[in-house]
There are 2 protein chains.
Amino acid sequence: MNEYLEELGKNAKKAARLLNNLSQEEKNEGLLSVADQLISQTPYLLEENQIDVQKAIENGVKDSLVDRLRLTPERIGAMAEGLRQIAALEDPIGEILSMKTRPNGLQIGQMRVPLGVIGIIYESRPNVTADAFGLCFKTGNAVILRGGSDAIHSNIAVKNVIQDGLEDAALPKTAIALLEDTSRETAAEMMKCDEYIDVLIPRGGAGLIRSVMENSTIPVIETGTGNCHIYVDESADLDMAVRIIENAKTQRMGVCNACESLVIHRSVADKIIPMIADTLGKKKVEIRADEDSRVIAPQLTPASKEDWGTEYLDAIISMKVVDSIEEAIEHINQYNTGHSEAIITSNYKNALRFQREIDAAAVYVNASTRFTDGFEFGFGAEIGISTQKLHARGPMGLLALTTTKYVIFGDGQIRE
Amino acid sequence: MNEYLEELGKNAKKAARLLNNLSQEEKNEGLLSVADQLISQTPYLLEENQIDVQKAIENGVKDSLVDRLRLTPERIGAMAEGLRQIAALEDPIGEILSMKTRPNGLQIGQMRVPLGVIGIIYESRPNVTADAFGLCFKTGNAVILRGGSDAIHSNIAVKNVIQDGLEDAALPKTAIALLEDTSRETAAEMMKCDEYIDVLIPRGGAGLIRSVMENSTIPVIETGTGNCHIYVDESADLDMAVRIIENAKTQRMGVCNACESLVIHRSVADKIIPMIADTLGKKKVEIRADEDSRVIAPQLTPASKEDWGTEYLDAIISMKVVDSIEEAIEHINQYNTGHSEAIITSNYKNALRFQREIDAAAVYVNASTRFTDGFEFGFGAEIGISTQKLHARGPMGLLALTTTKYVIFGDGQIRE
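So, here is what we can say about the structure in this document. Values in this document were obtained by computation on a predicted structure and should not be read as measured data. Starting afresh in each chain, residues are numbered from 1 along the sequence in its written order. Here the convention is simple: chains get letters from A, ligands get numbers from 1, in the order in which they are written. Thresholds applied to this predicted model are a pLDDT of at least 70 for local features of residues and 80 or more for the giving and counting of side-chain atom pairs; totals over whole chains, interfaces and linings are not thresholded and use all residues. Values reported for side chains reflect all heavy atoms of the structure, with hydrogen atoms and water molecules removed beforehand.

## Details of the sheet that holds strand 5 (residues 176-178) of chain A
All names here are of chain A. Here is the rule: Two strands pair under a simple rule: DSSP has to find at least two bridges between them. For the purposes of this entry, the term helix denotes a DSSP run of H or I that reaches at least four residues, the term strand denotes a run of E that reaches at least two, and both are numbered from the N terminus. Under this scheme, a helix contributes an axis fitted over its contacting stretch, all axes are lines through C-alpha atoms, and angles between N-to-C directions fall in the 0 to 180 degree range. By definition in these notes, contact holds between two residues if any of their heavy atoms fall within 4.5 Å.
Strand order in the open sheet made by the four strands is 5-4-3-6, with parallel pairing throughout. Edge positions in the sheet fall to strand 5 and strand 6 (199-203), since each has one partner strand and no second. This sheet shows a mean twist of 20° between the axes of neighbouring strands, independent of strand direction. When strand 4 (residues 142-146) meets strand 5, the two strands line up parallel, connected through three bridges. Across the sheet, the residue bridging to valine 143 is isoleucine 176, located in strand 5. Against the sheet, helix 1 (residues 3-20) contacts strand 3 (117-122), strand 4 and strand 5, and its axis sits at roughly 150° relative to strand 4. Across the sheet, helix 6 (residues 127-138) lies against strand 3, strand 4, strand 5 and strand 6, angled at about 160° from strand 3, the strand it touches most.

This is the structure we're talking about:
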């Protein structure tokens, strides 16, 4: 293995043992100390960030991407505030779950403990550096970060400031490491460091996630794409349906829990399709519709087969008419990405059936898919939204960064 | 992809949707019907098994391995009884965990659901075929099995009988599939079927497990090896320590939760090392000891550095003297495989410290490591013992074959 990575890995593993033994108070003091340093070192952070921003502008990077890269005093303030909020959350580490006494007197429970060393591979936003550190540190995990090369000066600066904050609080600065070598080769080697890294979390676009899934020998938590559907059932309150569709599509377009596809029961199609076309039309959303929908609203764009499987992240939505809830469930289970799906219905049986049969991380009755989010779910934090089934599914808060171990209290028991 | 695998995968995925909708009663009836078929088709099973056994004998396979392969009326009876026991267990599917109401009125809970399609790659024992099917079916999962080529006639026969039992109960026989092509190439392709298989569980030796970990693009649950330690602390009840060591080493030698290494506090070494040497000597266990131990008991074999990291699965154990609990914890965390570790102590603080700081699936105070087992933990079933940290850690019962999805009950909520 690459010596540089081996060194980082060994130090992180040592740090993880130290972090596992910290009290809740020590961890919270560390987070607050880092928050203070972010504020007091704002000029340094802005200066280093300016190097990345300047380079991006020179390279002709799109304005929206330059904006994601840019730090401002307000954004640095928000990073510090994020760490203070994490400090205020309940610490899940050390809780012992479902302790039971066996017939032979052994007491067996599950203690919640850190995962150990977490690797995070992400793209260009430098605020992820502080955010990921905060969630990992709160749960007693060491973290090895690999950000994009376009944000490298900013990321190194944020990492330095975090380490200053930790040293101020007499805590190990090896709790955070950042790959200063941002080559693809080193990223690929990082994905094979299963000796030192316990779990790898990619945060970014579909290409990054697929590459990590295919190359990593470390267990991966997949944070995925969202081809989210809303199904309007026969018995739906149509006004409610339109309100929810408008919200789920247009409240924020470029996010994974935005609605990308509508499935409409034939018996309400006549009434609701014109209402939807009108409402989304005012918001400049293009509707790509199947033939049955276009009989009702011929002005809509014809959908092609590719539309059913597409996550637009844009002002476009697909629409399909179905004959039954069975057909709706089958269609959604075929094309969804396991993220968030909703039914709008007044029928008790259909509501429960949809929740039982749809295969996704979050299944809604009569609410917007936009609620799939760690803060909206009340976790007080979010490391991403898992679309896989192992370990964590749906919005991931602090608990997703922990594991358990069995602790067994005996008084001399041996096995017969 | 291989057409044969694609066909199996598609059918399994369809079956998984059907199984997800079965009631507890239907699933239990299926398990009992399969148990009845195993008994009534015993002559057929014995006949097919005889082909595998004959071939193994002709190929000069070791007696102990031929014995693992052999079915008898008693063993078939035990397979059927295993399925009846699984039928009697509580069904975890459909339970809704920690339902909470958010300030906006949304009710959010986590529903326990099947994983979907489970792939199991295992070695030669044909009883695993029935056992794995039973656990997967009870939890509403379809299963694709890939057993060893040396047991292929037995495995196909068991699979056929299971399918007869399912058909008798009017249940989908695609709930179980078995790869009849046992080539390595097809096994390697199966590990890439992430489109159809939700999780892959290897059951077998270290070589099989490593190969699956390295080649699979499907999330893997690692069932691992056990280099288990017992640490005898300064304040240990020495008679209890010797009883537990004898049990953990000799009650059954070839299993992953057997003790492979002893760590002795220097202040009790003089007294306990002769006691251990005497007790294990009577059981013909070879002790490979460090220099400090051999000053006390010069008749012991000198340990080499490789001994600290070796899982013997045999009548051998390693032994090391340490100066403190810190040194014991550091040694164990360096060489253990994350399985089961024990401390023998009367000291309250040291007991809690060992449990907190040792990084393993099961951490014992004053009990034998041999208890790490789904049945001993009270799960009523076991699919293996996980030594990884994601999803499931320690003995895995039915819950390890489930995931959760968020179910959200709204009445028109939209995100502001």
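What follows picks up the thread again.
## Topic: the nonpolar core
Threshold: Nonpolar cores were defined as sets of buried Ala, Val, Leu, Ile, Met, Phe, Trp, Tyr and Cys residues, with membership established by side-chain atoms within 4.5 Å. Exposed residues in this analysis have more than 50% of their type's maximum accessible area, buried residues have under 20%, and partly exposed residues fall in between, with area computed by a 1.4 Å probe over protein chains only.
Leu38, Ile120, Phe133, Phe137 and Leu166 of chain A are the most contacted members of the largest nonpolar core, which has 73 residues in total. Beyond its immediate sequence surroundings of up to four residues, isoleucine 120 of chain A is in contact with Ala132, Cys136, Val143, Ile144, Leu145, Arg146, Met190, Leu200, Ile201, Arg203 and Ile383 of chain A. Listed in part, the 70 residues of the second largest apolar core include Leu19, Leu71, Val117 and Ala142 of chain B.

## So, the pattern of salt bridges
Selection rule: In the sections that follow, a salt bridge refers to a side-chain nitrogen of Lys or Arg positioned within 4 Å of a carboxyl oxygen of Asp or Glu.
Tallied over the full model, the rule gives 52 salt bridges over all chains. Here glutamate 6 of chain A and lysine 10 of chain A are joined by a salt bridge, their closest N and O atoms 4.0 Å apart. In this pair, glutamate 6 of chain A and lysine 10 of chain A both sit in helix 1, four residues apart, roughly one turn of the helix. One continuous salt-bridge network, built from bridges that share partners, spans Arg17 and Asp198 of chain A together with Asp359, Lys389 and Arg393 of chain B.

## Some thoughts on the state of the cysteines
Residue and element names in this part refer to chain B. Basically, it comes down to this: Note on disulfides: each one is a pair of cysteine sulfur atoms within 2.5 Å.
As enumerated under the stated definition, the model contains zero disulfides over all chains in all. Left without a disulfide partner, cysteine 136 is nearest to the cysteine sulfur of cysteine 193, which lies 16 Å away. A disulfide-free cysteine, cysteine 228 has its sulfur positioned 7.0 Å from the sulfur of cysteine 256, the nearest such atom. Note on cysteine 228: relative accessible area 0%, which makes it buried.

## Brief notes about the environment of glutamate 327 of chain B
Residue and element names in this part refer to chain B. By the element assignment, glutamate 327 lies in helix 13 (residues 325-335). The exposure class assigned to glutamate 327 is partly exposed, which follows from its relative accessible area of 27%. Along the primary structure glutamate 327 and histidine 265 are separated by 62 residues, whereas in three dimensions their C-alpha atoms are 9.4 Å apart. Look past the residues within four positions of glutamate 327 in its chain and what remains in contact with it is Lys320, Val321 and Val322.

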